[in-house]
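# Analysis of the macromolecular model
Below, each chain spelled out in residue letters.
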Amino acid sequence: MMTLLKYDFRRNWNTLLAGLVILIIVQLGLMIFLSSGVTANLLGIMAYVGAGVAIYVKTIKTYAANIRSYNRRLIPVTGLSHVLSPIIFGTICGLGLLLIGFLHAYLYITMKLGLDLSAYIGVNISVAEIWSTLFFAGWIVLFMTIMIFFSISVAGTFRWKTGPWIGIVTFIVLINLLSWLENVIFSGKFSPNDLFQFTEESTGISFSANGVIWADGRWGTTVFEMALAALLVWGIIYMNTKKVEV
């Protein structure tokens, strides 16, 4: 799998560097030409969000290109490696972007604003709840990615021009079927509004959790989604090996 991951980075390296340079130029331009701190901060956050979306789209496009690549089929690796490689690629790129964003925020708060980081952001949440929140957010992205990969593989089994539309329909059906099943099985107990709250105060921004992240069936919902994800991955491997034509 490391061989596949190396190929993914080698093929996308120029695009990643170009995106990083553009992000740096945008942030420097906002810092130099915009005197309004609120406007500059908002546009800066939007730039990071845009970069994150671009990384996610690149991850999806990498998988879509890989399953039809004849050269990758010649590499003696398991079918699971072809699924994990783009996911790991996107994860590494996403974590790198988060690290840059956190470093940027730290330098901005401590050096430009001259504030202590702990005084600027009041954190009223335990370490366990922070990890639970991060795990939950990461799982949502991963599960959505697996469903998109499955839909792309379904589309890849059709050589007609309608293949992409079949993939889109498959994704929509998966989303609605999952929502219906979770509401039937777990009575719709989970609401994203229960996850965390942001409160803006005169001294900074307070981040607090409601303390119910994994209560009321949330573990059951996640375990159910994990089982479904395993089934989808099996279907992806089967289609990529038996059905998708190069």
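Whatever comes next refers back to the structure up there.
In what follows, the accompanying structure is described.

Procedures and definitions
Residues numbered from 1 in each chain as written. Predicted model: local features only at pLDDT ≥ 70, side-chain atom pairs only at ≥ 80, totals over all residues. Heavy atoms only, no water. Helix = DSSP H or I, 4+ residues; strand = E, 2+ residues; numbered from the N terminus. Buried < 20%, exposed > 50% of the residue type's maximum accessible area, 1.4 Å probe, protein only. Contact = heavy atoms within 4.5 Å. Areas by Shrake-Rupley, 256 points an atom, 1.4 Å probe, with all protein chains shown as cover. Core = buried A, V, L, I, M, F, W, Y, C linked by side-chain atoms within 4.5 Å. Patch = residues over 30% accessible without salt bridge, like charges linked within 9 Å, V, L, I, M, F, W, Y side chains within 5 Å. Salt bridge = Lys/Arg side-chain N within 4 Å of Asp/Glu carboxyl O. 1 Å grid on protein atoms, 1.4 Å probe; cavity = no way out; pocket = protein on both sides within 12 Å on 5 of 7 lines; lining within 4 Å. Points joined across faces, edges and corners; volume = space filled by probe spheres on them.

Assigned secondary structure in the chain consists of eight helices and three strands. Buried residues in the chain amount to 33% of all 246 residues. Considering only contacts within the chain whose residues lie at least 6 apart along the sequence, 77% involve residues at least 24 apart. Summing over all exposed atoms, the chain offers an accessible surface of approximately 15,200 Å²; the carbon and sulfur share of this is 72%.

The biggest cluster of nonpolar side chains holds 22 residues, and the ones touching the most others in it are Phe143, Phe149, Phe150, Leu232 and Ile236. Listed by contribution, the elements that provide at least two residues to this core are helix 2 (37–66), helix 4 (79–112), helix 6 (127–156), helix 7 (163–186) and helix 8 (218–243). Examining the composition of this core, we find that nine residues originate from one element, helix 6, more than from any other. Beyond its immediate stretch of four places on either side in the chain, leucine 232 contacts Phe143, Ile146, Met147, Phe150 and Leu174. If you look at the next biggest cluster of nonpolar residues, it comprises ten residues, including Ala47, Ile55, Cys93 and Leu97.

This brings us to a nonpolar patch on the surface. A cluster of nonpolar residues, Trp13, Leu17, Leu20, Ile24, Leu28, Met31, Ile32, Phe33 and Ile100, forms a patch on the protein surface that exposes about 900 Å² of accessible area. It is helix 1 (residues 2–33) that provides the largest number of residues to the nonpolar patch, a total of eight residues. With a relative accessible area of 47%, methionine 31 lands in the partly exposed category.

Here the second largest pocket is characterised by a volume of approximately 560 Å³. Within the residue set of the lining of the second largest pocket, elements represented by two or more residues are helix 1, helix 2 and helix 4. Of all the elements, helix 1 adds the most residues to the lining of the second largest pocket, at ten residues.

Right, let's get into the environment of glutamate 225. Residue position: glutamate 225 is located in helix 8. Sequence separation between glutamate 225 and isoleucine 140 is 85 residues, and the spatial gap between their C-alpha atoms is 9.6 Å. When sequence neighbours within four positions are dropped, the list of residues in contact with glutamate 225 reads Trp139, Phe143, Leu178 and Glu182.

No statement about biological role is implied by the geometric values presented.
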